[in-house]
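# Observations on the model geometry
Letter by letter, the chains look like this.
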Amino acid sequence: MLYAILAYHVEAEVTSWTPEEDAAVMTGLLAVRDRLNAMKLLGPAARLGGTAEARTLRGPGAGMVIDGPFAETKEQLLGFYVVNCENADAALGVARDLRRVNPSAVYEIRPIRLYLPGEAVPETASEGQG
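Conventions and cut-offs
In every chain, residue numbers begin from 1 and rise along the written sequence. Predicted model: local features are reported for residues with pLDDT of at least 70 only, side-chain atom pairs are reported and counted for 80 or more only, and whole-chain, interface and lining totals are derived from all residues. Values reported for side chains reflect all heavy atoms of the structure, with hydrogen atoms and water molecules removed beforehand. Secondary structure follows DSSP: runs of H or I at least 4 residues long count as helices, runs of E at least 2 residues long count as strands, and numbering of each begins at the N terminus. Throughout, a residue-residue contact means that at least one pair of heavy atoms, one from each residue, lies within 4.5 Å. Computed with the Shrake-Rupley method and a 1.4 Å probe, the accessible areas treat only the protein chains shown as cover for residues. Throughout this description, the term salt bridge denotes a Lys or Arg side-chain nitrogen within 4 Å of a carboxyl oxygen of Asp or Glu. Only protein chains enter the accessibility calculation, which uses a 1.4 Å probe; a residue whose area is less than 20% of its type maximum is buried, one above 50% is exposed, and one in between is partly exposed. Pairing between two strands requires that DSSP report at least two bridges joining them. An axis is simply a line fitted to the C-alpha atoms; with a helix, the fit covers only the stretch in contact. Between two such axes, the angle follows the N-to-C directions and lies from 0 to 180 degrees.

## Points about the overall build of the protein chain
Summing up its helical and strand segments, the protein chain has 3 helices and 6 strands in all. Expressed as a percentage of contacts within the protein chain between residues at least 6 apart in sequence, the contacts between residues at least 24 apart total 73%. Per element, the accessible surface of the protein chain, about 8,500 Å² overall, is 57% carbon and sulfur.

## Some thoughts on the pattern of salt bridges
Two side chains carrying opposite charge are able to pair once their charged atoms lie near each other. Applying the stated criterion across every chain, the model contains 3 salt bridges. Across the pair D34 and R33 runs a salt bridge, and its minimum N-O distance is 3.7 Å. Overall, D34 belongs to the partly exposed group, its relative accessible area being 45%. On the basis of relative accessibility, which here comes to 33%, the residue R33 falls in the partly exposed class. R35 is the partner of D97 in a salt bridge, and the nearest nitrogen-oxygen pair spans 2.2 Å. Residue D97 is found in helix 3 (residues 88–101), and its partner R35 is found in helix 2 (residues 19–38); the two are separated by 62 residues along the sequence. The exposure class of R35 is partly exposed, given its relative accessible area of 35%. Connected through shared salt-bridge partners, R35, D97 and R100 make up one network.

## Some details on the environment of L30
Tracing the sequence through the fold places L30 in helix 2. Using a relative accessible area of 38% as the deciding quantity, one classes L30 as partly exposed.

## Details of the environment of A95
Mapping A95 onto the fold places it in helix 3. It is 9.1 Å that separates the C-alpha atoms of A95 and L6, two residues lying 89 residues apart in sequence.

## Quick word on the sheet that holds strand 5 (residues 76–84)
On the basis of which strands lie adjacent, the open sheet formed by 4 strands has the order 2-5-1-6 and antiparallel pairing. Looking at the sheet topology across the chains shown, the edges are occupied by strand 2 (42–47) and strand 6 (106–111). Ignoring which end each strand starts from, the neighbouring axes of this sheet average 20 degrees apart. Here strand 2 runs beside strand 5; their pairing, made up of 4 bridges, is antiparallel. Residue pairing in the sheet places A46 in a bridge with F80 of strand 5. Its contacts with the sheet put helix 3 on strand 1 (2–9), strand 5 and strand 6, and the angle it makes with strand 6 is roughly 160 degrees.

Geometric descriptors of this kind do not, in isolation, establish any biological role.
Below, the structure written as structure tokens:
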């Protein structure tokens, strides 16, 4: 099953890190990534650009583009991982590995369906329930 692990953090804190502090966190995260790759559990992962460059599309019809993200939280979504885990507990374990090397981040785990035109869609735990 595929799970998205969304990485939330206080953007101002992350952007205030020295190059050495950022490199230390990234080194730890890359070690987790390498281990997950070796286990064939890791899908796409990305560090998102700054929220000042984000746009939100909402509203009826073609919608309206609004500058910025509009989450009601002090943390912003700054990155994500897609992992292929047997169940939600295994995905939670991956998120705990990530948090051990980046303890000030908040990780949200959600089951997802990946759509790739022409390819089968993997099942998720909630598939066929309810």
